[in-house]
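If you want the building blocks of each chain, they are given just below.
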Amino acid sequence: MASNKRSARAKQRAEFESGFDAGAMGDLFEREHARNDALEAAHDAAVRRRACESKMRYASRADALDAIAACAEHGRRGLSVYRCPYCNGWHLTSHPRKP
Ligand SMILES: [Zn+2]
């Protein structure tokens, strides 16, 4: 008797959980999608901040190269310049790899 009750409860719970999972999945995907959009926007903003807004901006490549030369005088080496796709200016970046 006791074991019957237990298995009935287990069955009930299994049905509940499978129903719950099936129902939750669609909702989960929906939420995951919205979350990814938000994450992507936040990621873009973070990339932009790191690659552009947080950096010194130079109007020309020559200005940026001058800045690199100045840094090198202070012992800061391994920098290079790149054209910024966000502001069309020039920024410095450090190369993690050795040339
Ligand atoms: Zn920029």
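Nothing here was measured: the structure is a model prediction, and the numbers come from that model. (Residues numbered from 1 in each chain as written. Predicted model: local features only at pLDDT ≥ 70, side-chain atom pairs only at ≥ 80, totals over all residues. Heavy atoms only, no water.)

*Asks:* Summarise the coordination of the zinc ion; cite the residues concerned and give the values.
*Replies:* Protein coordination at the zinc ion: the donors are Cys52 (SG), Cys84 (SG), Cys87 (SG) and His91 (NE2), at 2.1 to 2.3 Å from the metal. Classification of the site at the zinc ion rests on its four donor atoms, whose angles at the metal span 104 to 116 degrees, yielding the label tetrahedral. Considered as a linear motif, the donors of the zinc ion on their single chain read C-x31-C-x2-C-x3-H. Here the residue Cys52 occupies a position in helix 1 (residues 2–53), and Cys87 occupies one in the loop between strand 1 (79–83) and strand 2 (90–94), the gap between them amounting to 35 residues. With a relative accessible area of 2%, Cys52 lands in the buried category. Here Cys87 falls in the partly exposed class, since its relative accessible area comes to 25%. (Donors = N, O, S within 2.8 Å, 3.2 Å for Na, K, Ca; no water. Tetrahedral: all angles 85-135°; square planar, octahedral: opposite > 155°, others 65-115°. Helix = DSSP H or I, 4+ residues; strand = E, 2+ residues; numbered from the N terminus. Buried < 20%, exposed > 50% of the residue type's maximum accessible area, 1.4 Å probe, protein only.)

*Asks:* Just give me the short version of the nonpolar core, but keep the residues and values in it.
*Replies:* With eight residues, the main nonpolar core is built from Tyr58, Ala64, Ala67, Ile68, Leu79, Val81, Trp90 and Leu92. For this core, the secondary-structure elements that each account for two or more residues are helix 2 (61–73), strand 1 and strand 2. Ranked by the residues each element gives to this core, the list is headed by helix 2, at three residues. Leaving out residues up to four positions away in the same chain, Val81 has contacts with Arg61, Ala64, Leu65, Ile68, Trp90, His91 and Leu92. (Core = buried A, V, L, I, M, F, W, Y, C linked by side-chain atoms within 4.5 Å. Contact = heavy atoms within 4.5 Å.)

*Asks:* With reference to specific residues and values, describe the environment of Arg83.
*Replies:* Tracing the sequence through the fold places Arg83 in strand 1. Look at Arg83 and you get partly exposed, because its relative accessible area is 48%. Note: C-alpha distance between Arg83 and Arg57 (26 residues apart in sequence) is 9.9 Å. Aside from chain neighbours lying at most four places away, what touches Arg83 is Asn88, Gly89 and Trp90.

*Asks:* Go over the side chain of His91 with me, naming the residues and quoting the values.
*Replies:* Within the secondary structure, His91 sits in strand 2. A polar side-chain atom of His91 sits 2.7 Å from the main-chain carbonyl oxygen of Met56. If we ignore the near neighbours within four places in the chain, the residues touching His91 are Ala51, Cys52, Lys55, Met56, Arg57, Ser80, Val81, Tyr82 and Cys84. (Polar contact = N/O pair within 3.5 Å; in protein donor to acceptor, adjacent residues only side chain to side chain.)

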